[in-house]
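# Close look at the chain arrangement
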Amino acid sequence: MLKIDFESDEAIYIQLRNQIIMGIATERIHEGDSLPSVRQMADIIGINMHTVNKAYSVLKQEGFIKLDRRKGAVIALDMDKIRVIEELREQMAVILARGICKNVGREEVHDLVDEIYDYYAGKCGE
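Overview of the structure. (Residues numbered from 1 in each chain as written. Predicted model: local features only at pLDDT ≥ 70, side-chain atom pairs only at ≥ 80, totals over all residues. Heavy atoms only, no water.)

### Points about unusual backbone geometry
- With a phi angle near 60°, E27 is a residue other than glycine that sits in the positive phi range.
- Tracing the backbone shows E27 in the loop between α1 (12-25) and α2 (38-45).
- Residue class for E27 comes out partly exposed when judged on its relative accessible area of 29%. (Helix = DSSP H or I, 4+ residues; strand = E, 2+ residues; numbered from the N terminus. Buried < 20%, exposed > 50% of the residue type's maximum accessible area, 1.4 Å probe, protein only.)

What follows is the structure, given as structure tokens:
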């Protein structure tokens with residue numbers, strides 16, 4: 001399920017965070033599912049436990065998981081829609097600015113957003 005690129009410039013904890021979010025969006029991971037313990041996840045991926053702990057902490061802060069003493073990290077989508085829209089706006093601003101600098105047109109961006117949205121929306125509806 002997890003695809004970590006050890007050659008990537010992107011931090012491993014961010015890759016892990018992103019993979020878990022994509023797993024939720026595609027319904028490979030569901031609300032109430034428990035994630036492996038920090039130690040188990042580190043062993044599965046072959047990374048440091050502190051890296052997994054950092055990814056889980058970010059996911060908790062962002063409202064994707066809750067940490068339970070008995071169950072560990074549990075998928076719990078506690079997100080305020082207004083906050084999510086603001087976060088998307090901030091993240092997309094940088095991505096769109098990069099695209100504009102590389103001459104990616106408005107229509108290409110719209111097509112790409114539609115393609116990605118339809119992919120995840122379709123997975124959630126299956």
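Structure shown, so let's carry the discussion forward.
### Some thoughts on the environment of K66
- By secondary structure assignment, the location of K66 is in strand β1 (residues 65-68).
- With 11 residues separating them in the primary sequence, K66 and L77 have C-alpha atoms 8.6 Å apart.

### Considerations on the packing of α2 against helix α3 (residues 49-61)
- The interhelical angle for the contact between α2 and α3, taken along N-to-C directions, is 115°, at an axis separation of 8 Å. Along this stretch, α2 crosses α3, giving a crossing that reads as right-handed. Of α3, the residues touching α2 (which contributes V38, R39, M41 and A42) are M49, V52, N53 and Y56. (Axes fitted to C-alpha atoms, helices over the stretch in contact; angles between N-to-C directions. Left-handed = near helix turned anticlockwise from the far one by under 90°. Contact = heavy atoms within 4.5 Å.)

### A short note on a negative patch on the surface
- Together, E107, E108, D111, D114, E115 and D118 give the surface a local cluster of negative charge.
- With respect to the helices and strands, D114 occurs in helix α5 (residues 106-125).
- Exposure remark for D114: the relative accessible area of 45% places this residue in the partly exposed category. (Patch = residues over 30% accessible without salt bridge, like charges linked within 9 Å, V, L, I, M, F, W, Y side chains within 5 Å. Areas by Shrake-Rupley, 256 points an atom, 1.4 Å probe, with all protein chains shown as cover. Salt bridge = Lys/Arg side-chain N within 4 Å of Asp/Glu carboxyl O. Lys, Arg positive; Asp, Glu negative; His and termini not counted. Charge placed at Lys NZ, Arg CZ, Asp CG, Glu CD.)

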